[in-house]
Amino acid sequence: MNKIRNQKLLNLCNLSFGHYLKSTQDKGISYLQVKNFSDDGEYLDNVENFVQTKIIKESVLLEQDDILFVSKGMRFFAYKYETSIGTAIASSIFYIIKVDADLILADYLVCILNHPKSMAYFNGVSEGSSIPSIRKKELLDFEIPVPSVLEQEEIVKIYKLHAEQQKIVTELKQKNQIRFNQVINQLIENK
């Protein structure tokens, strides 16, 4: 590996806030909230809140590879927006990170932001007695190790493979639990 330099997030991206908008349950543009993501930051495809197209400026729509980062609450995570989920707007609970693709890959930044050491940092700097929140300055001051783009791509491959393995293990555990419960229930019923 080449020498890795650390860079503050502020040198790698532009950061803005999500939007506070009045949403409805009438179909329109998806209004993404924390409840639309798993504990691991996976998109759940369960959007129930929408914003009407006629009241939206195009500049507030999410773009491919925008990263959503939860700014407050009991769980922090990063998610890379994919246009394949449909047109969407991020609610005000999120920071929207637009990376400088010449310096850092969006997928790589998501790997780093979601890493347990990063989460420990964010939990440590979060403020608020009832609802922890991360201030913009703390997020922008966060230091990211930035290897070459080629090395970033390799790390992303490993990250995605690991995530897929974790998903398979979780599904297997759930299936085993169901099967175990069925066996025990049959034993109890046949006694």
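Residues numbered from 1 in each chain as written. Predicted model: local features only at pLDDT ≥ 70, side-chain atom pairs only at ≥ 80, totals over all residues. Heavy atoms only, no water.

> Now, about the pattern of salt bridges: what can you tell me, with residues and values included?
Counted by the stated rule, this structure contains eleven salt bridges. For Lys98, the salt bridge identified is with Glu63, shortest N-O distance 3.5 Å. Taken as a pair, Lys98 in strand β8 (residues 94-99) and Glu63 in the loop between β4 (50-51) and β5 (67-70) lie far apart in primary sequence, 35 residues in all. Overall, Glu63 belongs to the partly exposed group, its relative accessible area being 47%. The shortest N-O distance in the salt bridge between Glu138 and Arg135 comes to 2.8 Å. (Salt bridge = Lys/Arg side-chain N within 4 Å of Asp/Glu carboxyl O. Helix = DSSP H or I, 4+ residues; strand = E, 2+ residues; numbered from the N terminus. Buried < 20%, exposed > 50% of the residue type's maximum accessible area, 1.4 Å probe, protein only.)

> Which residues make up the layout of surface pockets, and what are the values?
If you add up the space inside the largest pocket, you get close to 1200 Å³. If you go around the largest pocket, you meet 34 residues; those closest to its centre are Asp40, Glu42, Asn114, Tyr159 and Ala163. Only β6 (78-80), α1 (106-113), α2 (116-125) and α4 (149-189) provide two or more residues apiece to the lining of the largest pocket. Counting residues per element, the lining of the largest pocket draws most heavily on α4, which supplies twelve residues. When its residues are assigned to classes, the lining of the largest pocket shows 16 nonpolar, eight polar and ten charged. Considered as a void within the structure, the second largest pocket measures approximately 160 Å³ in volume. Lining the second largest pocket are 13 residues, with Asp65, Val99, Leu105, Ala106 and Asp107 positioned closest to its centre. Counting residues per element, the ones that place at least two in the lining of the second largest pocket are β8, α1 and α4. (1 Å grid on protein atoms, 1.4 Å probe; cavity = no way out; pocket = protein on both sides within 12 Å on 5 of 7 lines; lining within 4 Å. Points joined across faces, edges and corners; volume = space filled by probe spheres on them. Nonpolar A, V, L, I, M, F, W, Y, C, P; charged D, E, K, R; others polar.)

> Lay out the side chain of Ser126 with the relevant residues and their values.
The topology assignment puts Ser126 in the loop between α2 and α3 (136-141). In this structure the side chain of Ser126 is engaged in a polar contact, spanning 3.0 Å, whose partner is the backbone oxygen of Asn123. In this view, Ser126 contacts Phe76, Pro132, Ser133 and Ile134; residues no more than four positions away in its chain are not counted. (Polar contact = N/O pair within 3.5 Å; in protein donor to acceptor, adjacent residues only side chain to side chain. Contact = heavy atoms within 4.5 Å.)

> Outline a negative patch on the surface, supporting the account with residue identities and numerical values.
There is a patch of like negative charges on the surface, built from Asp40, Glu42, Glu164 and Glu171. With respect to the helices and strands, the residue Asp40 is situated in the loop between β3 (29-32) and β4. (Patch = residues over 30% accessible without salt bridge, like charges linked within 9 Å, V, L, I, M, F, W, Y side chains within 5 Å. Areas by Shrake-Rupley, 256 points an atom, 1.4 Å probe, with all protein chains shown as cover. Lys, Arg positive; Asp, Glu negative; His and termini not counted. Charge placed at Lys NZ, Arg CZ, Asp CG, Glu CD.)

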